[in-house]
Every structure is written in structure tokens, then in C-alpha cells.
Amino acid sequence: MTMPSQEDSPESNAGRAVGLMFAAIGVVFGDIGTSPLYAIKETFGGPHPLPIDRLHMMGILSLVFWTIASIVTIKYVTVMMRADNRGEGGSLALLALVGKAVEKRPDLGPVVAALGIFAAALFYGDSMITPAISVLSAVEGLEVAKPELGRFIIPITIAILISLFAIQKHGTGTVGKLFGPVMTLWFLVLLVLGVRNIAAMPYVLTAISPHHAFMFVLAHPWTAFVALGSVVLAVTGAEALYTDMGHFGRLPIRLGWYILVLPALVLNYFGQGALLLKTPGAIENPFFLMAPQWALLPLVGLATAATVIASQAVISGAFSVTRQAIQLGYLPRMNIIHTSESEIGQVYIPFLNWVLMIAVAALVFGFGTSSNLAAAYGVAVTGTMLIDSVLIGMVMLLIWNWSPRKALPFIVLFAAVDLALFSANSLKIPYGGWFPLAVASVVFLLLTTWKKGRALLNRRLRRDALLLEDFLKTLSNNIPRVSGTAMFLTGTPEAVPPALLHNLKHNKVLHERVVFLTARIEEVPTVSEERRIVSEDLDNGFRRLVIRYGFMEEPNITRTLMHAHQAQLGFFFVPLATSYFLSREMLVPSPQPGMVMWRERLFAWMSRMAATPMDFFHLPHNCVVEMGTQVEI
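Residues numbered from 1 in each chain as written. Predicted model: local features only at pLDDT ≥ 70, side-chain atom pairs only at ≥ 80, totals over all residues. Heavy atoms only, no water.

Asks: Would you mind going over the overall build of the protein in detail, with residue names and values included?
Replies: For the protein, the helix and strand inventory stands at 28 helices and eight strands. With respect to the principal axes defined by its C-alpha atoms, the protein has extents near 95 × 75 × 55 Å. With 633 residues in all, the protein has 55% of them scored as buried. For the protein, the distance from the average position of its 45 positive side-chain charges to the average position of its 40 negative side-chain charges is 4 Å. (Helix = DSSP H or I, 4+ residues; strand = E, 2+ residues; numbered from the N terminus. Buried < 20%, exposed > 50% of the residue type's maximum accessible area, 1.4 Å probe, protein only. Lys, Arg positive; Asp, Glu negative; His and termini not counted. Charge placed at Lys NZ, Arg CZ, Asp CG, Glu CD.)

Here it is in C-alpha cells:
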């Protein structure tokens with residue numbers, strides 16, 4: 001009998017799942033794991049403070065528990081994580097997944113696209129606020145431990161955040177190894193602090209019963225509605241469980257949630273409730289006042305480390321979402337630096353990094369305290385959650401083929417909770433909630449302008465293009481051929497690239513082998529090697545080559561060609577004997593039908609700011625020839 005290999009044994013698989021669980025704890029749960037720093041504090045001491053009595057406290061604790069249960073446990077961990085696009089999650093992956101299902105529904109297509117794009121746009125507002133509020137709320141613990149250090153809170157916060165953005169270019173692989181142990185320690189401390197304070201008032205554990213929430217809502221309906229704007233702070237970061245699913249898989253994230261993160265969060269919130277019922281004055285900073293005096297400074301240090309990790313996860317997420325948007329054609333090409341040779345997900349985008357740093361620093365200076373920032377926090381998160389509920393409802397009905405009877409209870413539950421939370425957070429819009437909405441609106445405009453502009457540009461190029469089939473038929477055999485291979489990059493394989501026509505016009509020669517190369521980014525995370533390359537012989541030394549990439553992959557054309565077999569390509573690839581010809585479009589806004597003039601000017605500006613195909617596709621600089629062509633849009 002053949003024994004199973006070690007890597008296939010149940011023990012090995014279990015060990016791998018546990019290892020990934022601790023890695024996921026370090027990356028996935030950072031945002032939601034630092035919410036205890038400010039969620040209860042803002043609910044009872046924020047802009048709309050609540051009386052600290054048994055009815056309000058038990059009602060809020062019950063609302064917190066059931067909000068976590070319905071949104072995180074049921075919606076994201078149980079249902080949403082089933083909706084993967086070849087293992088990947090997130091708004092854009094969900095958009096690609098649903099987009100396939102509504103291809104035959106022209107009435108739904110634009111609506112689905114707009115929802116998915118706006119959900120991705122909302123993430124950028126969230127990625128600016130999260131580092132600011134998380135680090136600031138941790139450093140504010142200094143005021144509890146050492147009141148005389150209160151005036152240094154803002155400078156210390158800014159210094160930490162600038163340092164965090166400054167190290168992004170070095171990659172997070174090395175630092176990331178510390179994330180798991182630090183965050184595991186953080187959640188254990190949350191659990192211990194919670195149990196320590198619950199022991200003084202075990203009655204708070206009865207808040208698990210939903211009747212406390214119902215009693216609170218029935219007694220003070222408007223107060224309860226307003227309080228939801230602060231209760232939602234307990235679930236900020238829930239969408240990260242779905243977004244980072246591709247990095248760790250469903251099982252490790254679910255194990256981490258059920259075994260450690262969920263108990264630690266619930267017990268800590270209940271512990272803060274017990275502390276406040278016993279000592280209402282602790283509302284100044286209930287999280288840090290849960291700890292004994294001797295532990296305050298170490299706790300501030302640990303909280304700061306945890307918030308830096310949470311911020312790192314959001315920053316990395318912004319890089320990842322931006323790369324996906326570029327691959328799917330919603331943003332112009334940008335300079336993307338891969339900081340790891342083994343982990344494709346570890347990328348650094350310099351332009352985005354410094355924009356985020358400036359925005360985060362401005363938020364800290366502008367709002368000044370975590371309480372003020374909390375007024376801006378939650379609108380983007382609840383907006384994303386609401387959109388996710390709409391899209392997952394479509395997945396249930398159109399992709400999973402659930403019957404309406406089976407899908408309706410989930411859809412109603414998710415929509416009711418998300419609508420309530422979003423409506424409550426809309427009250428924050430005049431007090432700072434406008435900021436993430438403004439950021440999302442600008443990003444949405446950029447994403448849709450680039451997508452529509454590229455579609456218009458491609459339509460103009462196709463309209464004016466010479467069909468390749470006709471060109472090859474009429475091509476004279478008297479044109480001199482020079483040795484080597486010429487690769488003409490083109491987005492339309494059926495048309496003659498403008499660079500080829502310019503080359504013929506000015507140089508009056510052709511290479512002995514001419515390859516029309518098209519790189520396609522498909523709406524899947526990765527493409528199998530069997531589907532990577534399609535090669536077609538067009539006779540007389542001409543060949544059409546299509547290379548496919550997934551939106552989570554790096555489109556490195558040179559490396560792909562070097563690793564491809566001669567049988568795949570149809571010719572022997574010699575890097576030093578290959579020249580790459582690129583067409584660069586000079587866009588001229590015009591009044592002809594398309595977009596309004598100001599959006600055409602915006603599109604032309606974005607095109608000028610885009611990274612060149614040479615950099616984006618990793619072509620050797622000394623082998624590239626660029627030829628310009630003017631196009632009216």
C-alpha cells in the first residue's frame with residue numbers, strides 16, 4: 001500500500017491551515033481588531049453621547065454583538081466568502097464575477113458596473129481615514145498614561161504615519177513576518193482585558209440576548225438610530241475578510257475569526273461596558289482605562305503596533321485595488337514596483353503612496369482627534385457593505401441559481417442591516433462624512449472617464465484602421481527585409497498597428513519576422529499556462545501573437561516570451577535580436593460626439609500622465625522604438 005506523501009497528509013494540511021490562520025490574523029483582521037480603541041468611546045462620548053445607564057449600555061452591547069454577528073459572521077464569513085472569482089475576493093473581483101452573469105442583460109450591465117466601480121472608489125476614502133483614526137486613537141493613550149505628553153500626540157502620530165509610508169518602497173515581506181505574532185498577542189490582550197472587567201459585573205454577558213437591543217430601540221427609537229452611526233465602528237474592516245480571501249483562503253480566515261478574533265472582540269466590548277457601568281467617568285478613554293496603571297505604557301506601545309499593522313493592511317489593499325483597476329482598464333498605467341520575488345501580491349505604487357501619505361497627514365492635522373475623525377468614518381464602509389449586499393444578491397440568484405425562497409431571507413437581512421447602518425451614518429455627512437464621499441466621487445469620475453475614454457479611443461482607432469488581412473494581400477514583395485524580429489504592440493489584432501505604417505513610410509523596410517503582439521488582461525485573477533499564449537502564422541514572415549494575463553498578474557511580456565516554448569510561439573525568440581515598436585497616441589479633445597469637453601481634457605491629461613507601455617509591460621528600454629500618432633476624441 002502506498003503511503004500518502006507528507007504534503008498531502010491530513011496532518012500536513014491541518015498544519016498549513018493553522019499556519020495560514022496566524023498569518024491571516026496578522027493581515028486580515030487588523031482594521032476590525034483595532035476598533036475597540038474607539039467604538040464604545042464614540043458611542044457614549046462622541047458628538048451624540050448616550051447616558052451611561054443599564055438600559056443604554058445593555059442595548060448598545062446587544063446591538064454591537066448582533067451587528068458583528070449579522071455583518072461579519074453571517075454575511076462576510078459565511079456567505080460572501082463563497083462568492084470568489086477563481087479564489088479572489090473584493091469589489092472588483094465581485095464586479096467581474098457578476099458582470100459575466102449579466103452580459104445578456106443590457107439593462108443590468110451598466111448598473112452593476114457603476115455599483116462595483118463606486119464600491120472600489122469608496123475604498124480609497126476608507127484607506128485614507130483608517131490609518132489616521134487608528135494610529136491617532138492608539139497614541140491618544142499617552143494622555144491617559146502620561147497626561148503631560150498630551151501635546152505631543154499629533155506630532156508623534158504624524159511621525160509614525162510618515163515613517164510607515166516611507167518604508168513602503170522596501171516591501172512588507174520582512175515586517176510582515178512579525179504581523180501574525182503581534183496581532184495574536186493583541187487579540188489575547190483584548191480577551192484578557194475584557195474578561196478582567198467582566199468579572200466585576202458578569203451581568204453584561206446577558207447582552208448577547210437580542211431582547212436588550214429591542215428594549216433599547218422601543219424605548220428610544222431615534223436615539224438608537226443615531227447610535228448606529230457609532231455602533232458601525234465595531235465592524236469597520238469586515239470587508240477586508242472578503243478582499244484578502246485570495247491571499248489566505250476561506251478556511252484560515254474562518255478559523256482565525258471563530259477561534260480568536262470574534263471571542264476577543266466581543267469580550268473586550270462587553271468588558272468596556274462593565275467598566276463604564278461601574279465607573280462612568282472612564283468614558284474619557286474606556287479601552288486604556290480597562291488596564292491596570294502599570295500596564296498602560298506597554299498597552300499604548302502594543303496598540304500603536306497593532307494600528308500600524310492595520311494601516312499597513314489598508315495601504316497594501318489600496319495598492320492591490322489600484323493594480324486590479326489598471327489591469328481591468330479603469331485606470332491608466334502606473335509605475336508598479338514588485339517588492340517580492342515570490343509573492344505577486346506585494347506591490348508598491350509610488351504615486352499612490354505619496355498621495356495617500358499627504359491625505360492621511362492632512363486628515364490628522366485637520367480633524368485633530370480620533371473623536372472628530374470618527375465623524376468621518378463609517379460612511380464609506382457602510383456604502384461599500386450596501387453595494388456588496390446588492391451584488392451578492394445577484395450572485396445568489398444569477399450564478400448560484402438559488403430559488404427566491406432561499407435567497408430572499410439573506411437578501412432582506414443584509415439589506416435591512418446595511419440600510420439602517422448607512423442611513424444612520426448619513427447623519428455624519430455634514431460633520432466630516434462628506435470627505436470619503438468626496439474622495440469616492442473624484443475616484444469614480446477618474447475610473448469611469450478613463451474606461452469610457454479608452455473605449456472612445458479604440459473606436460476611433462478601429463474606424464480609421466487598415467484591416468490587417470487587406471494590408472497583407474496588397475503588400476508588395478519588393479519591400480526590403482532586414483534580419484531580426486519586429487514586434488508591434490497593438491490592442492486591435494485585426495488592424496495594422498500605426499507604428500508599422502509609420503515605419504514603412506519613414507524607413508521603407510520590414511524585418512524578416514514581423515509579430516503583431518496583443519496583451520490582453522482578462523477579468524479573472526490568473527490565466528493558466530495552457531491559455532497564456534495563442535500564436536497564428538499569417539504567412540510571408542508575419543505572425544499574430546496574443547498573450548493573456550489575469551488582473552492579479554504582472555504583465556511582463558519579456559519574461560513570458562523567454563519562458564515560452566518555441567512550439568507555443570511558432571518561432572525561436574532571441575531577445576537581443578528583437579525590436580519592439582510602440583504607437584503613442586497624442587490625444588486632441590474635439591467637439592465631436594463622445595464625452596463632454598472637460599472630460600475629454602481630463603482623459604487626455606490622464607493619458608499623458610500614464611506610464612509608457614515600455615515600463616508597464618517590462619520591455620527592455622534599449623530595444624524599444626516609439627512612434628507617435630495624433631487622434632481626435
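Next comes the rest of the write-up.
Asks: Before we move on, can you summarise the packing of aromatic side chains with the specific residues and values?
Replies: All chains considered together, the criterion is met by 16 aromatic pairs. Taking 5.2 Å as the distance between ring centres and 85 degrees as the angle between the ring planes, the aromatic pair formed by Phe 287 and Phe 288 counts as edge-to-face. Residue classification places Phe 287 among the buried residues on the basis of a relative accessible area of 0%. Ring geometry for Phe 516 and Phe 542: centres 6.0 Å apart, planes at 10 degrees, overall stacked. Here the residue Phe 516 occupies a position in strand 4 (residues 510-522), and Phe 542 occupies one in strand 6 (residues 542-550), the gap between them amounting to 26 residues. For Phe 516, a relative accessible area of 0% corresponds to the buried category. Site record: aromatic cluster; members linked through ring pairs are Trp 400, Trp 402, Phe 410 and Phe 414. Across from the ring centre of Trp 400, 4.7 Å away, lies the NZ or CZ of Arg 82, which sits over that ring. Over the ring of Tyr 330 we find Lys 451, and its NZ or CZ is 4.6 Å from the ring centre. (Phe/Tyr/Trp six-rings, centres within 6.5 Å; stacked < 30°, edge-to-face > 60°. Lys NZ or Arg CZ within 6 Å of the ring centre and 35° of its normal.)

Asks: An account of the side chain of Thr 130 is requested, with residue identities and associated values reported.
Replies: Mapped onto the fold, Thr 130 is located in helix 6 (residues 109-139). The contact partners of Thr 130, leaving out residues within four places of it in the chain, are Asp 31, Ser 311, Val 314 and Tyr 377. (Contact = heavy atoms within 4.5 Å.)

Asks: Quick rundown of the confidence of the model for the protein? Include the residues and the values.
Replies: Averaged over the protein, the pLDDT score is 85; the fraction of residues at 70 or greater is 94%. When pLDDT is averaged over each element of the protein, helix 10 (residues 211-219) comes out on top at 95 and helix 1 (residues 10-27) at the bottom at 71. Note that residues 1-10 has pLDDT below 50 and, in this model, four contacts with residues that lie over four places away or in other chains. (pLDDT = per-residue confidence, 0-100.)

Asks: If you had to explain the pattern of salt bridges to someone new, which residues and values would you point to?
Replies: Summed over the entire model, instances satisfying the criterion amount to ten salt bridges. Among the salt bridges present, the one from Arg 532 reaches Glu 553, with a minimum N-O distance of 2.9 Å. Taken together, the residues Arg 532 in helix 24 (residues 529-532) and Glu 553 in the loop between strand 6 and helix 25 (557-563) connect sequence positions 21 residues apart. Judged by its relative accessible area of 6%, Arg 532 falls in the buried class. Residues joined in a network through salt bridges with shared partners are Glu 522, Arg 531 and Arg 548. (Salt bridge = Lys/Arg side-chain N within 4 Å of Asp/Glu carboxyl O.)

Asks: Lay out the nonpolar core in plain terms, naming residues and giving numbers.
Replies: Judged by nonpolar contacts, the single largest core of 183 residues is most densely connected at Phe 29, Val 72, Trp 186, Phe 187 and Trp 257. Here this core takes 16 residues from helix 6, the largest share from any one element. In contact with Phe 187, not counting residues within four places along its chain, are Ile 25, Phe 29, Gly 33, Leu 260, Val 261, Ala 264 and Leu 265. If you look at the next biggest cluster of nonpolar residues, it comprises 16 residues, including Ala 486, Val 496, Ala 499 and Val 514. (Core = buried A, V, L, I, M, F, W, Y, C linked by side-chain atoms within 4.5 Å.)

Asks: Could you give an account of the packing of helix 21 (residues 434-464) against helix 27 (residues 597-609), naming the residues involved and the relevant values?
Replies: Two elements in contact, helix 21 and helix 27, have axes whose closest approach is 9 Å; the angle formed by their N-to-C orientations is 90 degrees. Comparing the axis directions of helix 21 and helix 27 gives the class roughly perpendicular. Residue-level contacts link Leu 445, Leu 446, Thr 448, Thr 449, Trp 450, Gly 453 and Arg 454 of helix 21 to Trp 598, Arg 599, Leu 602, Phe 603, Met 606 and Ser 607 of helix 27. Grouping the constituent residues of the contact of helix 21 with helix 27 by class yields seven nonpolar, four polar and two charged. (Axes fitted to C-alpha atoms, helices over the stretch in contact; angles between N-to-C directions. Parallel < 35°, antiparallel > 145°, perpendicular 65-115°, else oblique. Nonpolar A, V, L, I, M, F, W, Y, C, P; charged D, E, K, R; others polar.)

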